[in-house]
Amino acid sequence: MAFIKLNDLELEVEDGMNIIQVAQQVGIEVPHYCFHSGLSRPANCRMCLVEPHEFFPPAGKIVPARQLATGCTTTVRTAPEDRKLDGKYDFIVRTDSPRVKQARENILEFLLIHHPLDCPVCDQAGECKLQDFSFNHGRGTSRYIEVKNIPPKKDLGPEVLLYSTRCIVCTRCIRFCDEVTGTGELGIVHRGSKNEIDIPRKHDGTPTQLLDNKLSGNVVDICPVGALKSKDFLFKSRPWFMKTVNTVCAGCSVGCNITLDFKDDGVYRLKPRYHEHINQHWMCDDGRLGYHYVNSEDRLQTPMKRVDGSLVPTSWADAFGMILEKLSAVDSESMAIVGSSQITNEENYLLRKLADQLDVGTVGIFGRNLGDEYVYPKFTIEADKNPNTRGAKDMLCQGENEVLEGEPLWTGLSGKEFVYLVNGTPERPIDETECDVLEKIGFLVVQDVLLSEVSELADIVLPGATFAEKDGCFTNSQGWVQRIRKSISAPGQAQPDWEIIQQLVKKLGGDIDYNFVGEIALEIAEKVAGYKDANHQQIGDQGILIST
Amino acid sequence: MAFEFSEENRPKLENLIKCYPVKEAAMLPTLHLAQQQNGYITEEVMDCVAEVLEVSVMKVKDVVTFYPMFFEEPVGKYVIRVCHTLPCALRDCKKVLEYLKEKLGVDVAAEKDLSKGTTTDGRFTLMKSECLASCDVAPVVMVNDDLYKNLTPEKVDEILNSLEEM
């Protein structure tokens, strides 16, 4: 530990931290553009200048160093006893001296030389570091009267646009492609004031390689200005009109921490949120763009029943009535309950309760087919495209019962008279054997969010909610239990899956009465092995690792 | 058409790479060698260099577009660089430049259009240059790798004549 003096504060900090991070810990902002804690530090934006102090022997006292230093590359180390400043400090630095303030003003004036000031039409406005720092630290005016460079707008790849005029060449995006994905598509072309970020092109301008990797969307997030823009979110909404919740991506079993931006009419954007052990600063494009089905117009809005071979809308009462009627006519041997690795722990837990209530022996998990695994130097996208495979297993597999998956599940389901199946994903194709088995089931109830290949075969379809429309927990492949949070409401009469299952259990005479999901989580913490601390309060924003 | 280093240049390249702790560090000399062989740097040359040095193509492009000494378009056999920085300007490099323009019948090459400064017979390319570090003998001109000092229109004639003979 090093003992340092930052402005007038005396701090005990870890060796190896830089001044930006140290200041951040105590709530002092050192403005910076090129520094990103997930990337290397070229110190090229010069925005984070701070004023270190040193001992000046001729004067016999501690004075500001002759030159300002960049905060990002100035790291704090414990000094040897004889080199301590004032007899006790390892390091003395100021982030608020007049020299530092003047330097910030000057740097900002340079950075804004070729910047177009097109904030009114720029997507970044409102979450733009150039705006924020100009407001907080800038001069407010420019002395530059010459002609501005106007480099062209560029299409870098399937997800990303580059507005070169707004770029301040901090090179975060280049370092991301070099260090995190290892694909190296981006670089700087030309020199000095004419330099631009670009992809490899022929001399006539046609690209030879596109920014087309599974993580390309992250460059938009790390761009501190409005230069790199997401094609998906372009001109959709001003950031200040959206509300934000901290949640978890439902795209695969990695369970990236994300923030979800939404308005009353739907989900607008997913962005990664830092988690040290899971996704660091990043998320993949499949997850980032995988929210569109939530806003789909084809979402199931009412329960549906099969009449003369086709599905027609009905009421909840009617649907439950039909299910109960069927259940009373079928013995528990020929029933099966199939949970889903798309729905939350709490919901799977309630399905377990349903199975116990009906005394059903055959319990399985209906997962999405496996996708491809992508391994990048600093990020892995897992092949299991379900957010909660592990959690579903933990919840459904209580006591002696085995939870069926894959091949055994379909053998187990064949010839059943009543099957209650939860899907929850729009992209779950079913193959011939699966289709055969499902078609032959006497009475198939499917809980789903969209009309999928599975729900097309159902006798009753119950409209559930997506990950954006309910609270709950997912357990990722490493065993992190993390919370998803409700943003918008489910469309029409659709309900969060746990409420549907609870109603059914209640109607069957089950003795449960949960008012909110947290209550189920409390019970899970009590009853499921390994989930001892997994109540919502303790899980919080960073999740907890289940004990095994 | 794919570019490859010639039989003659391959051992040179290997020696070059050996001089540096990491392959990427041999970027500049490798590009010089490639330009010597091919005349200018094409997409294929960049692909080849990237492969040889085990870096991304963009890293090579980065370097090629940074330095004005690498050409992305065909240039003449003799590249004439007229220094136009302050001392040369004070010693009337403009006169030298105008004389060369008239004599060769070309304009000065633009940054992204070298053909503007290249004679139709493909012998000369005329371009402006930043300081050539010989201010004491201004105005100066560099033709390929040779420096010519204290220039006047008469001396320019001499130089061009000597180049004609070569």
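As a reminder, the structure under discussion sits directly above these lines.
Nothing here was measured: the structure is a model prediction, and the numbers come from that model.

Novice: Is there a simple way to think about the overall build of chain B in this case?
Specialist: The secondary structure content of chain B amounts to seven helices and four strands. Counting from the amino terminus, helix and strand elements in chain B follow one another as α-α-α-α-β-α-α-β-β-β-α. For chain B, the spread of C-alpha atoms along the three principal axes comes to 50 × 35 × 30 Å. With 166 residues in all, chain B has 31% of them scored as buried.

Novice: It is not clear to me how the interface of chain A and chain B should be interpreted in this structure. Could you clarify?
Specialist: Accessible area lost upon the coming together of the parts serves often as the stated size of an interface. Listed as interface residues are 14 residues of chain A and, on the opposing side, eleven residues of chain B. In terms of residue class, the side of chain A that touches chain B is built from five nonpolar, six polar and three charged.

Novice: Even after reading the chapter, I still don't get the pairing of strand β18 (residues 362-366) of chain A, so can you show me in this structure?
Specialist: Where a strand is regular, its side chains alternate between the two sheet faces. Residues and elements named next belong to chain A. Buried residues dominate β18, accounting for five of its five residues. Side chains of β18 alternate between two faces, with T362, G364 and F366 and V363 and I365 buried alike. Note: strand β17 (residues 335-340) against β18, five bridges, orientation parallel. Looking at the pairing, V338 lines up with G364 of β18. Each parallel crossover has a hand, and the one from β17 via helix α8 (residues 345-358) to β18 is right-handed. Where β18 meets strand β21 (residues 403-404), two bridges bridge the pair, whose relative direction is parallel. Bridging across to β21, V363 finds its partner in V403.

Novice: What should I look at first to understand the environment of T433 of chain A in this one?
Specialist: Assignment of secondary structure puts T433 of chain A in helix α11 (residues 432-440). Sequence-wise, T433 of chain A and R390 of chain A are 43 residues apart; in three dimensions their C-alpha atoms are separated by 25 Å.

Novice: I'm lost on the environment of I17 of chain B in this one. Help?
Specialist: Within the secondary structure layout, I17 of chain B lies in helix α1 (residues 9-18). As a C-alpha pair, I17 of chain B and V52 of chain B span 35 residues in sequence and 9.5 Å in three-dimensional space.

Novice: Teacher, can you tell me more about unusual backbone geometry here?
Specialist: Trans peptide bonds make up most of the peptide bonds, and negative phi angles are found at most residues other than glycine. In this chain, A138 of chain B is followed by P139 of chain B through a cis amide linkage whose omega measures -10°. Positionally, P139 of chain B belongs in the loop between β2 (124-129) and β3 (141-143).

Novice: In this structure, what is going on with helix α4 (residues 172-180) of chain A? I would like to understand it.
Specialist: Residue pairs three or four apart in sequence face the same way in an α-helix, which turns once every 3.6 residues. Residue and element names in this part refer to chain A. Of all nine residues that make up α4, eight are buried, and the element is covered over most of its length. Among the residues of α4, those classed as buried are R172, C173, I174, R175, F176, C177, D178 and V180. Backbone geometry just downstream of α4 places G182 in the positive-phi region, at approximately 70°.

Novice: How should I be thinking about the sheet that holds strand β22 (residues 418-422) of chain A in this particular structure?
Specialist: Strand pairing in a sheet relies on backbone hydrogen bonds, with the paired strands running either antiparallel or parallel. Residues and elements named next belong to chain A. Strand order in the open sheet made by the eight strands is β16-β15-β24-β23-β22-β17-β18-β21, with mixed pairing throughout. Pairing within the sheet leaves two strands with one partner each, and these edge strands are β16 (310-313) and β21. Pairing geometry for strand β23 (residues 443-448) and strand β24 (residues 460-463), over four bridges, is parallel. Across the sheet, residue D448 finds its bridge partner in β24, namely P463.

Novice: Explain the sheet that holds strand β8 (residues 160-163) of chain A to me, please; I cannot follow it from the model alone.
Specialist: All names here are of chain A. Taken together, the three strands give an open sheet; going across it, the order is β7-β8-β11, and neighbouring strands pair in antiparallel fashion. Edge positions in the sheet fall to β7 (153-155) and β11 (228-230), since each of these pairs with one other strand and no more. Across the sheet, the mean angle separating the axes of adjacent strands is 25° when strand polarity is ignored. Sheet topology places β8 next to β11; three bridges connect them, and they run antiparallel. Bridged to L162 within β11 is L228.

Novice: Hey, could you run me through the packing of α8 of chain A against helix α9 (residues 389-396) of chain A in this one?
Specialist: Packed helices, taken two at a time, are described by the angle their axes make and the gap between the axes. All names here are of chain A. Between α8 and α9, the shortest axis-to-axis distance is 8 Å and the interhelical angle comes to 30°. The orientation of α8 relative to α9 falls into the category roughly parallel. As α8 packs across α9, the resulting crossing turns out to be right-handed. Contacts between α8 and α9 involve N345, N348, Y349, L351 and R352 from the former and G391, A392, M395 and L396 from the latter. Taken together, the residues of the contact of α8 with α9 break down into five nonpolar, three polar and one charged.

Novice: In this structure, what is going on with the packing of helix α2 (residues 98-111) of chain A against helix α3 (residues 129-137) of chain A? I would like to understand it.
Specialist: Residues and elements named next belong to chain A. At a minimum axis distance of 10 Å, the contact between α2 and α3 shows a crossing angle of 140°. By the criterion of interaxial angle, the relationship of α2 to α3 is oblique. Taken as a pair, α2 and α3 cross one another with a handedness that is left-handed. In this structure, α2 contributes R104, E105 and L108 to the contact, and α3 contributes F133, S134 and H137. Grouping the amino acids of the contact of α2 with α3 by side-chain chemistry returns two nonpolar, two polar and two charged.

Reading guide: rules and limits
Residues numbered from 1 in each chain as written. Chains lettered and ligands numbered in written order. Predicted model: local features only at pLDDT ≥ 70, side-chain atom pairs only at ≥ 80, totals over all residues. Helix = DSSP H or I, 4+ residues; strand = E, 2+ residues; numbered from the N terminus. Buried ≥ 20, exposed ≤ 12 C-beta atoms within 10 Å, placed from the backbone. Contact = placed C-beta atoms within 7 Å. Nonpolar A, V, L, I, M, F, W, Y, C, P; charged D, E, K, R; others polar. Pairing = 2+ DSSP bridges. Right-handed = clockwise from strand over helix to strand, strands pointing away. Axes fitted to C-alpha atoms, helices over the stretch in contact; angles between N-to-C directions. Parallel < 35°, antiparallel > 145°, perpendicular 65-115°, else oblique. Left-handed = near helix turned anticlockwise from the far one by under 90°.

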